[in-house]
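Overview (structure and organization)
Each chain, written out:
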Amino acid sequence: MSTILFELGCEELPPKSLKPLRDALQASVTEQLNEAEITFDSIKSFAAPRRLAIQIQGISDKQPDRTEQKRGPAIKAAFDAQGNPTRAAMGFANGLGIDASELVTINTDKGDYVGYEQTIHGQATTELLPAIFQTALDNLPIAKRMRSGASRNEFVRPVQWAVLMQDDTVINAVIQGHQTGTQTRGHRFHSPDYHNIAHANDYESLLDGLNVVADFDKRQTLIKNQVKALADEVNSDAIVPQDLLDEVTALVDFPIALRASFEARFLQVPQEALISTMQSDQKYFCLTDKAGKLQPFFIFITNIMSQDPNQIIEGNEKVVRPRLADAEFFFLQDQKQPLFALTESLKTRVFQDKLGTIWEKSERIAKLAAFIATLIQQQGHDISVDETARAAMLSKADLASSLVGEYPELQGIAGTYYARLNGETEAVAASLEEQYLPKFSGDVLPQTPIGICLALADRLDTLVGIFAIDQAPTGSKDPFSLRRSAIGILRILIEKQLPINLVALVEQAIKGYSDADGSKIAKMGDTFTQVMTFLNSRYRAMYTEQGVSVDTIQAVQAINPHMPLDFDQRIRAVQAFSELSQASKLADSNKRVANILAKSEVSVADTVNEALLSEADEQSLYSSVRHAQTAVKPLLEQADYTQVLQTLASLDEPLSQFFESVMVNSEDEALKNNRLALLKQVRALFLTVADISELQL
């Protein structure tokens, strides 16, 4: 057992790709070692700005030997009557390079054959490793490879050196056009020369001494700890998005955190704009107070141990000041006119070629949002329809602002700031930001009633419009994020406990595309059907992400509820039902009932003739069905689907007894039809909640 070290030294690797490259390299090497049956105790990957490395400890010296069996012709064809090998046997032996006398008999279920067993000796690990590492490098997820100078070798950045060692010995190979050796390089500025690696086990400790923290995760932990310590000194919390943290970790070999400041006057600018420019442009970590308000400080990570850190701090403060001043300028410039005045330019801004301008979209959203507000109002919620319409007309105004033009991610956020400055009501102002929620899977939902109306109306308008012009998502292509929008609609209606019918919403959204000159939607019926089908198809994606089984979702989809909140309540009820001891038998019985009814050649009656119930078990089932019908009626009115299914579980025993002793397809046509009617009532009872026959229990 020994230790293998591989390192590829490069010019600075793309920071956003470093972590994925590290993970892909380790995954590929691990997979290839397993395929080659080379065992090892542990494997560790390293990634720093100028290197990717793998250290494998306790690796076996060679592949295990294996026995390979070759099967030839059948015994009858391999030897003649005198027991001499035939031409078939001789040809088989010659093909293997052996004498016919070395052939053995192989017994199989299909007869006896001649064959040969040979031992394949495993290759030495050191012979296999160069190809393994080169293959892993070739398969890295690199969007665009480059060549350096006259070299024909391609990689994401020019390669400078390659290390491949077994313990203290070089494994001679050429990888990425470079002869392997034992020399690595340290920090570009503090330890730029080549340094010899005495032993593969010394790699990490050697680089530590050369001011390189090669372990990506260790380097990231150092950054997090330093950032927290500096934030604590000013009683603040650091904003540390994982993507930014990964990128900053990939930019430095030896992280040193420093705190700087900016003028407090910039805090009048929406803090989202300041945070955006400091994070995306400068890779800074911003600081907030305990209430989340931005503080006039930022933390940055330097890659140099300076004897005068103040110079670095002052340099970063000098660099960030113009960026913050730009944000301040845009913010003040926008305030020279009221927010509503910005909507004028939306009349010439196209939302989509066939669907008109953003102004027209705002008008459609206003009508639809007002309709939704009326529905919410009827349910007892405190919401103003007039304010909702006002918010909708302002909802896209900030798209014409200078601030959003510079920082597109601030759409909605900028509108909220400007609405407050213009004296709009808080209900209107807050909704302008909330209209875009949820922005991604698992994101927060809008909290205010008007925000909910805008969020629903905006998504429904886009959904209907894009389907109407035949640009529905196909495969992985979804340029308008309709799948995400659909799930957003469902989540809002479910999680905000809004008993609103999707049919009404989609119909109203389609009406919004009609004007005095006609409709922008040529086939309203087709559009309605397609949008409803699309929305219903999103349930599966949404619930499987929550861990709900596919058969549970299918059981509810089978009865096609049009109210998302109602759909969710049925899902929860079926989940609870599945846990019952009777669930499996009832699901099977429902399948049997469904199959029997489907095969019926006559129309099955809705009512049962009690006088024709001749057998005790069908009388018992009928009595149980009548009792269940009475019991579930008030439960259905309250949409207490869980209790409905709990009640219907009592049909397990009488239904099982019915199938055991009663012949449904009786020769007496009247009895047969009456029994089918009874089963139809059983089926109808369960279908009030879901199609239980879909369950795979």
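Calculation notes
- Residues numbered from 1 in each chain as written.
- Predicted model: local features only at pLDDT ≥ 70, side-chain atom pairs only at ≥ 80, totals over all residues.
- Heavy atoms only, no water.
- Helix = DSSP H or I, 4+ residues; strand = E, 2+ residues; numbered from the N terminus.
- Rg over C-alpha atoms; globule rule 2.2 N^0.38 Å.
- Contact = heavy atoms within 4.5 Å.
- Areas by Shrake-Rupley, 256 points an atom, 1.4 Å probe, with all protein chains shown as cover.
- Pairing = 2+ DSSP bridges.
- Axes fitted to C-alpha atoms, helices over the stretch in contact; angles between N-to-C directions.
- Parallel < 35°, antiparallel > 145°, perpendicular 65-115°, else oblique.
- Left-handed = near helix turned anticlockwise from the far one by under 90°.
- Nonpolar A, V, L, I, M, F, W, Y, C, P; charged D, E, K, R; others polar.
- Salt bridge = Lys/Arg side-chain N within 4 Å of Asp/Glu carboxyl O.
- Buried < 20%, exposed > 50% of the residue type's maximum accessible area, 1.4 Å probe, protein only.
- Core = buried A, V, L, I, M, F, W, Y, C linked by side-chain atoms within 4.5 Å.
- Phe/Tyr/Trp six-rings, centres within 6.5 Å; stacked < 30°, edge-to-face > 60°.
- Lys NZ or Arg CZ within 6 Å of the ring centre and 35° of its normal.
- 1 Å grid on protein atoms, 1.4 Å probe; cavity = no way out; pocket = protein on both sides within 12 Å on 5 of 7 lines; lining within 4 Å.
- Points joined across faces, edges and corners; volume = space filled by probe spheres on them.
- Polar contact = N/O pair within 3.5 Å; in protein donor to acceptor, adjacent residues only side chain to side chain.
- Expected span 1.5 Å × (residues − 1).

So, about the overall build of the chain. Of the regular secondary structure elements, the chain holds 25 helices and 22 strands. Scaling as 2.2 N^0.38, a compact globule of 697 residues should have a C-alpha radius of gyration of about 26 Å, whereas the chain reaches 36 Å, well beyond that. Projected onto its principal axes, the C-alpha positions of the chain cover 105 × 95 × 50 Å. Of the contacts formed within the chain by residues at least 6 apart in sequence, a portion of 68% connects residues at least 24 apart. Summing over all exposed atoms, the chain offers an accessible surface of approximately 32,600 Å²; the carbon and sulfur share of this is 48%.

This next bit is on the environment of Ser485. With respect to the helices, strands and loops of the structure, Ser485 is situated in helix α16 (residues 482-495). Counting along the chain gives 365 residues from Ser485 to Ile120, while the straight-line C-alpha distance between them is 59 Å.

Taken together, the 4 strands give an open sheet; going across it, the order is β15-β17-β18-β16, and neighbouring strands pair in antiparallel fashion. Whereas interior strands pair on both sides, the edge strands pair on one side only; in this sheet they are β15 (237-238) and β16 (256-261). Alignment of β15 against strand β17 (residues 285-288), held across 2 bridges, turns out to be antiparallel. Paired with Asp237 across the strands is Thr288, a residue of β17. Across the sheet, helix α6 (residues 216-233) is in contact with β15, β16, β17 and β18 (294-302); its angle to β16 comes to roughly 30 degrees.

Helix α4 (residues 125-138) packs onto helix α1 (residues 18-35) with a crossing angle of 140 degrees between their chain directions and a minimal axis gap of 9 Å. Comparing their axes, α4 and α1 come out oblique. Crossing of α1 over α4 shows right-handed handedness. Within the contact between the two elements, α1 uses Leu25, Ser28, Val29, Gln32 and Leu33 and α4 uses Leu129, Ala131, Ile132, Phe133, Thr135, Ala136 and Leu137. Its residues assigned to classes, the contact of α1 with α4 comprises 9 nonpolar, 3 polar and no charged.

Summed over all chains, the structure comprises 34 salt bridges. A salt bridge links Asp215 to Lys44; the shortest N-O distance between them is 3.1 Å. Here the residue Asp215 occupies a position in the loop between α5 (203-209) and α6, and Lys44 occupies one in strand β2 (residues 42-48), the gap between them amounting to 171 residues. Accessibility expressed as a relative area gives 31% for Lys44, which makes it partly exposed. The salt bridge involving Arg420 is made with Glu426; its shortest N-O contact spans 2.7 Å. Here Glu426 falls in the partly exposed class, since its relative accessible area comes to 44%.

One finds Met278 and Ile372 to be the most contacted residues of the largest nonpolar core, which totals 135 residues. At 12 residues, helix α15 (residues 449-468) tops the list of elements feeding residues into this core. Sequence-distant contacts of Ile372, defined by excluding residues within four places in its chain, comprise Cys453, Leu456, Ala457, Leu460, Ile500 and Leu505. Counting 36 residues, the second-largest nonpolar core is a separate cluster that includes Ile38, Ile54, Ile142 and Leu164.

What follows concerns the side chain of Asp458. Summarising the element assignment, Asp458 is placed in helix α15. Residue Asp458 is classed as buried on the basis of its relative accessible area, which comes to 9%. Apart from the residues lying within four places of it in its own chain, the contact partners of Asp458 are Lys361, Ile365, Lys396, Gln435 and Tyr436.

With that settled, consider the pairing of strand β5 (residues 104-108). In the sheet, β5 pairs with strand β6 (residues 111-120) via 5 bridges, with the strands oriented antiparallel. Its bridge partner lying in β6, Ile106 is registered against Tyr113. Hairpin connection from β5 to β6: 2 residues lie between these consecutive antiparallel strands.

Tallied over the full model, the rule gives 13 aromatic pairs. Consider the rings of Phe46 and Tyr203, whose centres lie 5.2 Å apart with planes at 70 degrees: the pair is edge-to-face. Here Phe46 is found in strand β2, whereas its partner Tyr203 is found in helix α5, with 157 residues between them in sequence. Overall, Tyr203 belongs to the buried group, its relative accessible area being 0%. With a centroid separation of 4.3 Å and 15 degrees between ring planes, the pair formed by Tyr284 and Phe298 is classed as stacked. With Tyr284 in the loop between α8 (271-280) and β17 and Phe298 in strand β18, this residue pair connects regions lying 14 residues apart in the sequence. Using a relative accessible area of 2% as the deciding quantity, one classes Tyr284 as buried. When its relative accessible area of 0% is taken as the criterion, Phe298 is described as buried. Three or more aromatic residues link up through ring pairs in this structure, and these residues are Tyr284, Phe298 and Phe300. Over the aromatic face of Trp359 sits the side chain of Lys347, whose NZ or CZ is 4.8 Å from the ring centroid. Above the face of the Tyr641 ring, Arg570 is positioned so that its terminal group lies 4.2 Å from the ring centre.

Vacant regions in the atomic arrangement are exposed by a probe of water-molecule size rolled over the atoms. By volume, the largest pocket is sized at about 530 Å³. Residue lining of the largest pocket: 18 residues in total, with Tyr436, Asp458, Thr462, Phe480 and Ser485 positioned closest to the centre. Elements represented by at least two residues in the lining of the largest pocket include exactly α10 (358-378), α15 and α16. Per element, the largest residue contribution to the lining of the largest pocket is 3 residues, and it comes from α15. Grouping the amino acids of the lining of the largest pocket by side-chain chemistry returns 7 nonpolar, 5 polar and 6 charged.

Counting through the fold element by element, Thr3 comes out in strand β1 (residues 2-10). Look at Thr3 and you get buried, because its relative accessible area is 6%. Excluding anything up to four places from it in sequence, Thr3 contacts Gln55, Ile56, Gln57, Met165, Gln166, Asp167, Ala200 and Asn201. A polar contact is formed between the side chain of Thr3 and the side chain of Asn201, at a distance of 2.9 Å.

Across its 15 residues, helix α20 (residues 564-578) extends 21 Å between first and last C-alpha, which sits within 8% of the 21 Å expected from 1.5 Å per residue. Of all the positions in α20, only Pro564, Leu565, Asp566, Phe567, Asp568, Arg570, Ile571, Ala573, Val574 and Phe577 are classed as buried. Each element contacted by the buried residues of α20 is listed here: α16, α17 (502-511), α18 (524-545), α19 (550-557), α21 (583-599) and α23 (641-648).

Leu437 connects to Pro438 through a cis peptide bond whose omega is -5 degrees. Mapped onto the elements of the fold, Pro438 is located in the loop between α14 (426-434) and α15. Even without being glycine, Glu37 reaches a positive phi, approximately 60 degrees. Along the polypeptide, Glu37 turns up in the loop between α1 and β2.

Take the sheet that holds β5 next. Pairing is antiparallel in the open sheet, where 3 strands are placed in the order β4-β6-β5. At either margin of the open sheet sits one strand with a lone partner, and together these are β4 (66-74) and β5. Strand-to-strand, the axes of this sheet are offset by a mean angle of 45 degrees, without reference to chain direction. Bridge count between β4 and β6: 7 bridges; the pairing is antiparallel. Paired with Lys70 across the strands is Tyr116, a residue of β6.

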